[in-house]
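Residue-level structure breakdown
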Amino acid sequence: MIKEKTNTTLTFEDFKTEVLNDYKIAITSRECSLLGRREVLTGKAKFGIFGDGKEVPQLAMAKFFKDGDFRSGYYRDQTFMMAIGQLTIEQFFAGLYGNTNIEQDPMSAGRQMGGHFATHSLNEDGSWKNLTKQKNSSADISPTAGQMPRLLGLAQASKIYRNVSGITNQSNFSVDGNEIAWGTIGNASTSEGLFFETINAAGVLQVPMIVSVWDDEYGISVHARHQTTKENISEILKGYQRDDKAKGYEILRVKGWDYSDLIATYEKASAIAREQHVPVLIHVNELTQPQGHSTSGSHERYKDADRLAWEKDFDCIRQMKLWMIAINIASPEEIAEIDLKAKNDVLEGKKAAWNAFIDPIVKSQKELISLLKKIAESSNNKESILKNASELSSIKSPLKKEILIAARKSLRLVQNDSGKNELSNWISSYITENQPNFSSNLHSDSDLNVFSVKEVLPKYDENTKEDADGRMILRDNFDAIFTKYPEALIFGEDAGAIGDVNQGLEGMQEKYGELRVADTGIREATIIGQGIGMALRGLRPIAEIQYLDYLLYAIQIMSDDLATLQYRTVGKQKAPLIIRTRGHRLEGIWHSGSPMGMIINALRGIHVLVPRNMTKAAGFYNTLLECDEPALVIECLNGYRLKEKTPLNYGEFKTPIGVVETMKEGNDITLVSYGSTLRLVEQAAKELMEVGIDCEIIDLQSLLPFDINHDLVKSIAKTNRLLVIDEDVPGGASAYILQQIVEQQDGYNYLDSKPQTLTAKAHRPSYGTDGDYFSKPSAEDIFEKVYAMMNEVNPAKFPNLY
């Protein structure tokens, strides 16, 4: 058991020292907020959203935040990050300025607004650090309540580590599951569905999670009476309070300006969550927001005089000062001295951060000005070039883009001059140096990226026939996976007891237990959140979304959180989550969706894999478990009962990612598709062969990444014609596929006919098999489309069908 820390073990001098140190952190944070706002208003920073008014409760929270713990928080938690030693004054301002140097702004290297915090979970080579030896913060996102689903998974990881034996790499991630996941959220954001979904799921799962609600009564200008029933989130959550009859939450309330009560409250919450694995909600009320919501407006516009006066009186730092004076921690003069030093320290830190940000840019500015003056001397456009140089020189605090604009505009003026090459080379070098600061790390750069895994073919007995249901291939491969990877687990709606709705997990829960093969509630966003959080802590989760159509409930979390994680941390965090779902052709509006265009455009940063059968799908799972990147695997919903050969090497065969497969060679036209539709393409191709049209069929296999070997353009160079068959809506995934082939692979060089697409109708299919036939491409549609294209080539041989 963890022994509770109590203030009675401290001498008064120790206690005084601790309180004074806390106050120094609080007042330093406040000065950062005040000066940060000024930096925005003077134009040095673009936008500011600060943690003023929340300082004292964050000090209390930090006292019980231990090595190995994780934060999933809110963009006002700057005081907490300072208190745990993960944010300096210089780093605060570097984030405000958008410094692209990861050493200066370790939170995101300028990729996120200030106030969005993260710690580094990975070494330079992408391998895991020992997360139990450091205090951890998962990377923040701006969408309100978007931090909540991930919080659930961070907490569940502790439960897994405490209760599942045999996880061989646990020492880097957990000490007996004693870690707490700490969440923070503003009171207004508790109105979001993601908050309620997470709260409910954590109560069901009973995980070590502490949620602090910072309640200042407003959401920008909207008062709590418009946000929350009874204007009180803890009041309406009382039904979650645990008692002798049922498990649930411990719900605590505390005033945000009461330093001593805050410490006692967080001490109690920490003991409950860490030892008992019971979730705790702490409603921290009577907080203020001295500067309003952000630098984009003033709170004087919507708060009346009485409220503003109350906020001044009950500012948490003012109340802490009064309390310190009352119990003889410090005199008013001593506090004033601390305040003055903090103000000076923040001013000096701001100056250092600004110089670190602006000096390299000014250096480049001077370099370019010198170069422009040099090449102007021998140019026919001397005056125009010197004007560009003068305008650039007049910018006191230049941006990188302003330097590049001046250079590129000047390049137009020296096309026939001797200085062209020198200026062109300077521009190329500048872009090469700077573009990665804005574009790197969308995917893993480590040796465990998806391209590091080589294809391993399924092995078969020479007498093997296609007599196994596809779902059995998946089931037996999952069995091999769970044996091979003790850190692997799967969860989703109906995934446990019945072995998923298509029995691809039949018997797995009985064999591997309810924690590794788990049922969940109907709550897609937090299913994904569970996976993100557990993957951030070294587990290998597979999150199952029952049907592809239901993915829409989780798209926001996948897009804003998971897909951007490596990018927004510049490769300092990773969550190699595998998302399993099933979709494509079946009956009805809600079980036949193929919104692939939406998916591939919203999920850049997540690999999107579209296997045509269950052997290919199983191979993708085997590949992904050797990688450190997230992916979405979409199984064919109508393929679980189709017959396939039984492999001999379950868990070992691997489907390559980003590699297409030529299913049939041909000479007349290239047919490109994926997933379930390929079976119709094969059928149509057989019928087309009967009338003398020889089709080449290519299975894309993955949409993100797309044909990394450019095999599609090689096919088009042979056939000179292209048809993309897709069951998404017109202009959906087919538009992306065409763009990749025609533009990225220069396929237009080899086309003798207009490249075409054959897609579903713009609406969803109506119910029944007829709905599918009349809504999505059929074998007859494919036949007639190809035939019509060949009619254009040779009308005599292929006369009009209609």
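Rules used in this analysis
- Residues numbered from 1 in each chain as written.
- Predicted model: local features only at pLDDT ≥ 70, side-chain atom pairs only at ≥ 80, totals over all residues.
- Heavy atoms only, no water.
- Helix = DSSP H or I, 4+ residues; strand = E, 2+ residues; numbered from the N terminus.
- Rg over C-alpha atoms; globule rule 2.2 N^0.38 Å.
- Buried < 20%, exposed > 50% of the residue type's maximum accessible area, 1.4 Å probe, protein only.
- Contact = heavy atoms within 4.5 Å.
- Areas by Shrake-Rupley, 256 points an atom, 1.4 Å probe, with all protein chains shown as cover.
- Lys, Arg positive; Asp, Glu negative; His and termini not counted.
- Charge placed at Lys NZ, Arg CZ, Asp CG, Glu CD.
- Pairing = 2+ DSSP bridges.
- Axes fitted to C-alpha atoms, helices over the stretch in contact; angles between N-to-C directions.
- Polar contact = N/O pair within 3.5 Å; in protein donor to acceptor, adjacent residues only side chain to side chain.
- Expected span 1.5 Å × (residues − 1).
- Arc of directions from axis to C-beta.
- Parallel < 35°, antiparallel > 145°, perpendicular 65-115°, else oblique.
- Left-handed = near helix turned anticlockwise from the far one by under 90°.
- pLDDT = per-residue confidence, 0-100.
- Core = buried A, V, L, I, M, F, W, Y, C linked by side-chain atoms within 4.5 Å.

This part takes up the overall build of the chain. Each helix and strand counted, the chain has 27 helices and 22 strands in total. Taken over C-alpha atoms, the radius of gyration comes to 30 Å for the chain, in line with the 28 Å a tight globule of 802 residues would show. Dimensions along the principal axes, computed over C-alpha positions, put the chain at roughly 100 × 85 × 45 Å. Residues classed as buried in the chain amount to 60% of the 802 residues present. Considering only intrachain contacts with a sequence separation of at least 6, the fraction spanning at least 24 residues in the chain is 79%. On the chain, roughly 32,400 Å² of surface is accessible, and the fraction owed to carbon and sulfur atoms is 49%. When the 90 basic and 109 acidic side-chain charges of the chain are each reduced to a single mean position, those positions are 4 Å apart.

Okay, the sheet that holds strand β10 (residues 488–492) next. The strand order across the open sheet built from 7 strands is β11-β10-β12-β13-β15-β14-β20, with neighbouring strands paired in mixed fashion. Because the sheet does not close on itself, it has two edges, and the strands there are β11 (517–519) and β20 (702–704). Between one strand axis and the next, the sheet turns through 20° on average, direction left out of account. Pairing between β10 and β11: 3 bridges, direction parallel. Directly across from G492, in β11, lies its bridge partner D519. The sheet contacts of helix α16 (residues 470–484) involve β10, β11, β12 (540–544), β13 (578–583) and β15 (631–636), and relative to β10 the element is tilted by about 135°.

Let us now look at the sheet that holds strand β17 (residues 661–664). An order of β17-β19-β18-β21-β22 is seen for the 5 strands of this open sheet, with the pairing classed as mixed. Single-partner strands in this sheet number two, and they are β17 and β22 (756–758). When the angles between neighbouring strand axes are averaged without regard to direction, this sheet yields 25°. In terms of strand pairing, strand β18 (residues 669–673) meets strand β21 (residues 722–725) through 3 bridges, oriented parallel. The partner of V672 across the bridge, within β21, is V724. Packing of helix α23 (residues 677–689) onto the sheet brings it into contact with β17, β18, β19 (695–699) and β21, and relative to β19 it is tilted by some 170°. Together, β18, β21 and β22 form the strand contacts of helix α25 (residues 733–744), whose direction differs from that of β21 by roughly 150°.

Between L704 and the following residue, P705, the backbone shows a cis peptide bond with an omega angle of 0°. Within the fold, P705 resides in the loop between β20 and α24 (711–719). The backbone phi angle of E231 is positive, close to 60°, even though this residue is not glycine. Mapped onto the elements of the fold, E231 is located in the loop between β6 (222–223) and α7 (233–236). With phi around 55°, H710 is a residue other than glycine that occupies positive phi space. Following the sequence through the fold, H710 ends up in the loop between β20 and α24.

This brings us to the side chain of T569. Of note, T569 is situated in the loop between α20 (565–568) and β13. T569 sits in the buried class, given a relative accessible area of 1%. Polar contacts involving the side chain of T569 include one to the main-chain carbonyl oxygen of L565, which spans 2.9 Å. Apart from residues no more than four positions distant in its own chain, T569 is found in contact with M107, A118 and A139.

The subject of this paragraph is α23. Between its first and last C-alpha atoms α23 spans 18 Å; for 13 residues at 1.5 Å apiece the expected length is 18 Å, and the two agree. The complete set of buried residues in α23 reads T677, L678, V681, A684, A685 and L688. End-on, the buried residues of α23 take up no more than an arc of 120°, which puts them together on one face. Buried residues along α23 sit against β17, β18, β19, β21 and α27 (779–793).

Another point: the environment of Q78. By the secondary structure assignment, Q78 is in helix α3 (residues 78–83). For Q78, the contacting residues outside a window of four places in its chain are S29, C32, S33, F50, G51, Q58, L87, F92 and F117. Reaching out from Q78, the side chain makes a polar contact with the side chain of S29 at a distance of 3.1 Å.

Turning next to the packing of helix α1 (residues 12–41) against helix α4 (residues 89–97). Packing of α1 against α4 leaves a shortest axis separation of 11 Å and a crossing angle of 25°. The angle between the axes of α1 and α4 places the two elements in the roughly parallel class. For α1 against α4, the interelement crossing comes out right-handed. Together, T28, C32, S33, L35, G36, E39 and V40 of α1 and I89, F92, F93, L96 and Y97 of α4 make up the contact between the two elements.

This paragraph deals with the confidence of the model for the chain. Residues of the chain with pLDDT of at least 70 account for 99%, and the chain-wide mean is 95. Note that pLDDT drops below 50 for residues 1–7; the model gives that stretch 13 contacts with residues more than four away or on any other chain.

Next up on the list: the packing of helix α11 (residues 332–376) against helix α14 (residues 420–434). Look at α11 against α14: their axes get within 10 Å of each other, and the N-to-C directions meet at 165°. Classified by the interaxial angle, the pair formed by α11 and α14 is roughly antiparallel. Crossing geometry of α11 relative to α14 is assigned as left-handed. Taking contact as the criterion, the partners of S364, E367, L368, L371, L372, K374 and I375 in α11 are, on α14, E422, L423, W426 and Y430.

As a further point, take helix α5 (residues 147–163). The terminal C-alpha atoms of α5 lie 25 Å apart, and with 17 residues this matches the ideal 24 Å at 1.5 Å per residue to within 8%. Most of α5 is tucked away: 15 of the 17 residues are buried.

Attention now moves to the nonpolar core. Ranked by size, the top nonpolar core spans 88 residues in total, and within it F93, Y266, I282, M324, L368 and L423 carry the most contacts. Broken down by element, the residue count for this core peaks at 16 residues, all from α11. One finds A118, A145, A201 and I606 within the second-largest nonpolar core, a separate group that totals 87 residues.

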